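# Analysis of the macromolecular model
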Amino acid sequence: MKQKKLMLLGGLSYLLPIIEEAHKLGVYVITADYLPDNIAHRYSDEYCNVSIIDKEAVLKAAQKLEIDGILSHAVDPGVVSAAYVAEKMGLPFQCSYKAACILQNKHLFRQFLSENQFNCPKAKGYNKKEDALKDVNYFSWPVIVKPVDSAGSKGVSKVEMPEALPKAIDYALSESHNGTFIIEDFLEKKGFSVGAESFVVNGKLLYNAFYDQYFDQSAVNPYTPSAEIWPSSMDKKYQREIKSEMQRLFQLLGVSTGIFNVECRVCSNGKPYLMEVSPRAGGNRLAEMLNYISDVNINAAETKKALGLPVGDIHEPDYDAHYAILVMHSNKDGIFDSVRVSQRIRSKNLLEEEIRTQKGTRVSSFSGANAAIGTLFLKFQSREELAHALEHQDEWLSINVI
């Protein structure tokens with residue numbers, strides 16, 4: 001039998017678990033981007049040098065290589081290209097190319113939500129700064145300004161007054177791939193901002209691992225999550241409402257099978273909002289962490305889906321403790337030296353330590369997920385104990401940047 005080929009867009013360490021799962025299945029793995037030194041290329045069977053945001057170039061390469069599946073796993077810039085290639089080649093994907101374009105563009109997604117009577121902030125997209133500056137009276141201040149096509153909270157600003165808008169627009173455009181940004185009313189949240197890794201099978205939402213997001217308010221970008229916690233403290237009533245709205249969204253978009261990364265929140269008006277829904281795994285190794293929490297391996301399921309194989313039993317996770325991913329980062333630019341975790345935490349609570357930055361490497365302050373030094377997987381028996389550890393990191397964690 002001909003060996004199956006799986007193309008993975010990107011080359012970051014997030015792809016390593018997918019490469020491992022594919023190799024378990026005897027699959028030939030091709031990693032693709034324009035950065036040949038990225039770590040994932042050392043573990044794949046073949047490297048393809050192509051820009052993952054150039055969908056036609058990716059399609060041409062995929063056809064030449066005769067691939068059997070494609071993923072942009074936890075790699076936001078390649079999602080639209082992956083959906084495009086899958087549709088053109090008749091390969092499995094979470095959704096159609098058209099649906100992926102809606103979900104991956106914050107302006108188009110807000111339009112879709114509004115047109116279909118979902119809870120949605122007042123929002124408007126622009127590709128010219130001067131057009132946005134004419135619309136200052138359209139919004140209820142403060143507002144959020146962000147690129148329509150970036151992830152990891154890059155380019156995001158909260159703007160309190162109109163006079164600060166030009167600088168925020170410049171920042172958003174600096175992180176945009178297509179030169180378009182969105183302004184939307186700032187929604188005051190009730191409790192934590194919440195995310196989820198969700199898995200859909202044949203259009204039915206079967207798996208939802210809701211988590212609370214922590215933020216470092218002293219970071220240069222306080223909208224980049226610095227930790228994720230399971231299970232979420234969101235009221236079950238709101239979790240049910242959000243799952244119902246997600247199911248309605250998936251039905252409207254004709255979603256099939258696969259993983260989705262979701263961001264949502266309950267606002268001070270008592271309404272739940274879907275903020276972002278992306279047909280890919282989340283960053284920060286979310287799906288990897290869930291292997292410690294649940295008996296469902298969604299990385300394995302996503303790999304099998306991409307190859308047209310049965311994904312196995314998918315069901316809601318059952319929590320036996322309280323878990324967290326801590327995103328290690330620096331709040332200043334400098335040279336990375338070391339990470340030190342106290343023996344107490346290391347022996348009782350540390351499940352896994354990943355340091356992706358080599359000693360002597362220049363690091364930047366925490367402006368986005370791409371500035372992370374590494375991650376810690378943590379487990380505690382109570383939410384109170386976990387919260388105390390996150391709020392008093394200086395007692396047990398030292399990140400040394402010179």
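Chains are numbered independently. Their residues run from 1 in the order of the written sequence. Per-residue local features of the predicted model are confined to residues with pLDDT of at least 70, and side-chain atom pairs are confined, for both listing and counting, to 80 or more; whole-chain, interface and lining totals are unaffected and use all residues. The side-chain numbers reported here are obtained from all heavy atoms of the structure, hydrogens and water having been left aside.

## Looking at the pairing of strand β18 (residues 374-380)
With a 1.4 Å probe rolled over the protein chains alone, any residue whose accessible area is under 20% of its type maximum counts as buried; one over 50% counts as exposed, and the rest are partly exposed. The way it works is that DSSP assigns letters per residue, a run of H or I at least four long becomes a helix, a run of E at least two long becomes a strand, and they are numbered from the N terminus. For β18, the tally of buried residues reaches 6 of 7 residues, placing the bulk of the element in the interior. Alignment of strand β16 (residues 350-355) against β18, held across 5 bridges, turns out to be antiparallel. From the neighbouring strand, Leu 350 faces β18, where its bridge partner is Leu 378. Should DSSP find at least two bridges between two strands, the strands are taken to pair.

## A look at empty space enclosed by the protein
Here a cavity denotes grid points, spaced 1 Å and computed from the protein atoms alone, that fit a 1.4 Å probe unable to get out, and a pocket denotes an open set having protein on both sides within 12 Å along at least 5 of 7 lines; residues with an atom within 4 Å of a point are the lining. Grid points are joined across faces, edges and corners, and a volume is the space filled by probe spheres set on the points. On inspection of all chains with the given rule, the structure shows 4 cavities of 30 Å³ or more. The space that makes up the largest cavity amounts to roughly 110 Å³. In this structure, the largest cavity is lined by 14 residues; those nearest its centre are Leu 103, Gln 104, Lys 106, Glu 276 and Ser 278. Contributing elements (two or more residues each) for the lining of the largest cavity: α4 (97-104), α5 (106-115) and β13 (272-278). The leading source of residues in the lining of the largest cavity is β13, at 4 residues. Here the residues of the lining of the largest cavity sort into 6 nonpolar, 4 polar and 4 charged. Composition of the lining of the largest cavity by domain shows at least three residues from each of domain 2 (122-185) and domain 3 (189-401). As a working rule, the residues Ala, Val, Leu, Ile, Met, Phe, Trp, Tyr, Cys and Pro are called nonpolar, Asp, Glu, Lys and Arg charged, and the rest polar, with Gly in that last group. Residue ranges for the domains trace back to a domain assignment, done automatically or taken from a database.

## Regarding the state of the cysteines
Disulfides are defined as cysteine sulfur pairs within 2.5 Å. Applying the stated criterion across every chain yields a total of 0 disulfides. The thiol of Cys 120 is not disulfide-bonded; the next cysteine sulfur, from Cys 267, is found 11 Å away.

## So, the domain arrangement of the protein chain
Segmenting the protein chain into domains produces domain 1 (5-91), domain 2 (122-185) and domain 3 (189-401). Inter-centroid distance (C-alpha atoms) of domain 1 to domain 2 is 32 Å.

## A word on the sheet that holds strand β10 (residues 204-215)
Read from one edge of the open sheet, 8 strands run β13-β12-β9-β10-β11-β14-β18-β16, paired in antiparallel fashion. At either end of the open sheet lies a strand with only one pairing partner, and these are β13 and β16. Along the sheet, successive strands turn relative to each other by an average axial angle of 25°, direction set aside. Of the pairings in the sheet, the one linking strand β9 (residues 194-201) to strand β12 (residues 258-266) comprises 7 bridges and is antiparallel in character. Each bridged residue has a counterpart across the sheet, and for Phe 199 the counterpart in β12 is Ile 259. Fitting a line to C-alpha atoms yields each axis, with helices limited to the stretch in contact; the angle taken between N-to-C directions then spans 0 to 180 degrees.

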